[in-house]
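# Coordinates in review
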Amino acid sequence: MNPSPSMPVATRDNLCVNTLRFLSVDAVQQANSGHPGLPLGAAPMAYVLWTGFLKHHPANPHWFDRDRFILSAGHGSALLYSLLHLCGYDLPLTQLQQFRQWGSSTPGHPERGLTPGVEVTTGPLGQGFANGVGMAMAEANLAARYNRPGLDVVNHYTYGLVSDGDLMEGIASEAASLAGHLQLGKLIYLYDDNQVTLSAATDITFTEQRQQRFDAYGWHTQLVEDGNDLAAIAAALEAARSETGRPSLILVRTHLGYGSPNKQDSFEAHGSPLGVEELRLTKQKLGWPEQPSFYIPEEARTHFLEGMASGSKAEAAWQEKYKTYQAQFPELGRELQQLMEQGGSALPAGWDAEIPVFPADAKGISTRVAGGKVMNAIAAHLPALIGGSADLDPSTFTALKGYGDFEPAAIVGGDRQGSDAGGWSSAGRNLHFGVREHAMGAIVNGMAAHGGALPYASTFLVFSDYMRPSIRLAALMGLHVIYVFTHDSIALGEDGGTHQPVEQLASLRALPNLVVLRPADANETAVAWRIAVQASGRPLALVLSRQNLPTLDRSLFATADGVRRGGYILADAPSGKPDLILIASGSEVTLIVAARQQLLARNISVRIVSMPSWELFEEQDQAYRDLVLPPAIGARLTVEAGVSQGWHRYAGERGAVLALDHFGASAPGDVVMREFGFTVDNVCQRALALLSR
């Protein structure tokens, strides 16, 4: 930090910190809504980080080798907006003055894609903490794969500001445990240790030794006892950057609502404006002009904007290094350039040329096995593809064979199942999350937000509940993430009701901007994977079977490419004018295919519709949807081994729904399906009942 000629460093620094404080608190007060306590207490550490350590270029917020900053304590968004404005991002003061208002780019909690410089959407506590782990993993993986001696073209840090609430959430524990194991030395978190939450002091719920806890996780920890001691904060950040083998947590003892005469260190400063009088007293106590609001001293503005020049210089130096890299390693340079520019959407010509076409087979294979074959067929052509499971690779078939494991280079040996690793290092593309579904979901969000990766995450469908908050945020952010959920119904059998998903499909379908794909056979699975890879701007969930499913003879049925439209006529009535329409998704398509044969033998004209994706079907124009499901045909039966919720829209007023509005049971899968009515005979009986009305 270089002082201006006219002002001593300490005076200028204090001026800048108070500028941050009161820009933030004025925004909260004007909105009459928000959280003033965190900005008042945490402004000093944010100031030190952003002006002394953070590598960024406000004129180019998407420069790939920038440091990433995550405000995991998203309720303190006013502080982040103040930083972005003062540092020169495209966030004018008028936007701070419209904090939390309709149409502004300063929402109550930070939202990716809405505000320049905001890396991820945060607010649900703990999510940003785990997102940062994913960002650090992405950086480490790309660095290991692409850097060459003297040409470290991927070399940046992930910083975060986390709160007591973040550390209370279980997702943070999951993510911290994995980050310590992975030795993510470029992950540095500042912990706003103010010991107050929204409703009370932390001593009523949170008395554990946080520093020792993170020591046990394998983190490098430090304590800064005075959150206003800028030199101590800077020294701790220097030490954290010097620690290359462990992630760092810097516990900074702050005071919530610092400077507020009547609300400092009280939960009353957490989530409500100070009030006009208390704000006046706070400004008075800290020597700040009471008027005007949103006051920015020229000395402070000038100092913050110095980052524009240093950022420009840092990016220019990186560009020169990258030109040298491209000249010396042209193939790697082209590949990395594509990843940096397009991330998971980087699709080289012929990327899908080796996806298998599965021959007709009455016995067939499970769609989870088919999905594994497809993944491994495209992995060589998609360097962005990276991911893994919550300790379930042998069951979800999601290991990328021959692509190594993402693990600390220092770890040697071990029993690696399914990945054919050929050594452990950060360059591997198989991620092992352990039994940590919630963190897994947020980590792959962080990887997708970082860029250069098309991440996937896998577990059993029933455990998608454990990661639902992360899935929701992926949908809200429009991140290109692929979820592979296997063991998709009661047909998984003996594990019983605890493991048999019933309501999960409906729950996932309820999420805006998430595409759910439940393919009926191996070839539908291949198309579903094509859709998942080619999509952008939203996450996708592939829902796959444990049990074998017949691979349909596509010379007798429509091609599986109809999956792209969400629902399609798999086989029509011979006349093209059906008396009855049978509709199903996934494994239950097998039932309606067999039922059609029996009904045709009774001279009943039947159309069967495979409906792997409601979302994609609803995106088709009305003419196509009416072609598949003609409004005039009221005899419709939908079949799915899950709750009935939502299916009535396709059954119509005169149709019926064969579903499962209760939990499953422990028995062999075919027995469970039979006992709960998912049989060809029952489908036929239900269909005949419709026709007899």
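Here, the structure is the one placed above.
For clarity, every value in this text was computed on a predicted model and none was experimentally measured. (Residues numbered from 1 in each chain as written. Predicted model: local features only at pLDDT ≥ 70, side-chain atom pairs only at ≥ 80, totals over all residues. Heavy atoms only, no water.)

### Let's talk about the packing of aromatic side chains
Scanning all chains against the criterion turns up 25 aromatic pairs. Ring geometry for Y322 versus Y325: centroids 6.1 Å apart, planes at 15°, classification stacked. Note that Y322 and Y325 are positioned in helix α11 (residues 298–328) at a spacing of 3 residues, about one turn of the helix. Judged on exposure class, the residue Y322 and its partner Y325 are both buried. Put simply, the rings of W63, W318, Y322, Y325 and F329 touch in pairs and so form one group of aromatic residues. The aromatic ring of F329 is capped on one face by R148, whose charged end is 5.9 Å from the ring centroid. A cation sits over an aromatic face here: R429 above Y403, 4.5 Å from the ring centre. (Phe/Tyr/Trp six-rings, centres within 6.5 Å; stacked < 30°, edge-to-face > 60°. Helix = DSSP H or I, 4+ residues; strand = E, 2+ residues; numbered from the N terminus. Buried < 20%, exposed > 50% of the residue type's maximum accessible area, 1.4 Å probe, protein only. Lys NZ or Arg CZ within 6 Å of the ring centre and 35° of its normal.)

### Re the side chain of S105
With respect to the helices, strands and loops of the structure, S105 is situated in the loop between α4 (93–96) and α5 (127–146). The class of S105 is buried, set by a relative accessible area of 14%.

### Here we look at the sheet that holds strand β20 (residues 656–658)
Read from one edge of the open sheet, 5 strands run β16-β18-β17-β19-β20, paired in mixed fashion. Taken across any chain shown, the strands that pair with only one partner, and hence form the sheet edges, are β16 (568–571) and β20. Between one strand axis and the next, the sheet turns through 30° on average, direction left out of account. (Pairing = 2+ DSSP bridges. Axes fitted to C-alpha atoms, helices over the stretch in contact; angles between N-to-C directions.)

### Points about the sheet that holds strand β5 (residues 248–253)
If you walk across this open sheet you meet the 5 strands as β1-β2-β3-β5-β4, and the pairing is parallel. Each of the sheet's edge strands pairs with one partner strand only, and the pair in question is β1 (68–71) and β4 (220–224). The mean inter-strand angle of the sheet, taken between neighbouring strand axes irrespective of direction, is 15°. In this structure, strand β2 (residues 158–163) lies alongside strand β3 (residues 187–193), joined through 6 bridges in parallel fashion. Bridge assignment links G160 to a residue of β3, and that residue is Y189. Contacts between α5 and the sheet are confined to β1, β2 and β3, with β3 contributing the most and set at about 165° to the helix. (Contact = heavy atoms within 4.5 Å.)

### Remarks on helix α8 (residues 210–217)
Of the residues making up α8, those classed as buried are R210, R213 and F214. For α8, the buried positions fall inside an angular range of 90° around the axis, keeping them on one side. Looking one or two residues past α8, G218 carries a phi angle of roughly 95°, positive in sign. (Arc of directions from axis to C-beta.)

### Section: the pattern of salt bridges
Summed over the entire model, instances satisfying the criterion amount to 24 salt bridges. Note that R530 is salt-bridged to D352, the shortest N-O span being 3.2 Å. Residue R530 is found in helix α18 (residues 522–534), and its partner D352 is found in the loop between α12 (330–342) and β6 (361–365); the two are separated by 178 residues along the sequence. With a relative accessible area of 23%, D352 lands in the partly exposed category. Between R509 and E640 there is a salt bridge whose closest N-O contact spans 2.8 Å. Note that R509 is positioned in helix α17 (residues 504–509) and E640 in the loop between β19 (636–639) and α22 (648–651), a separation of 131 residues in sequence. There is no split in this pair, since R509 and E640 are both buried. Each of D488, R509, R518, E588 and E640 takes part in one network of salt bridges that share partners. (Salt bridge = Lys/Arg side-chain N within 4 Å of Asp/Glu carboxyl O.)

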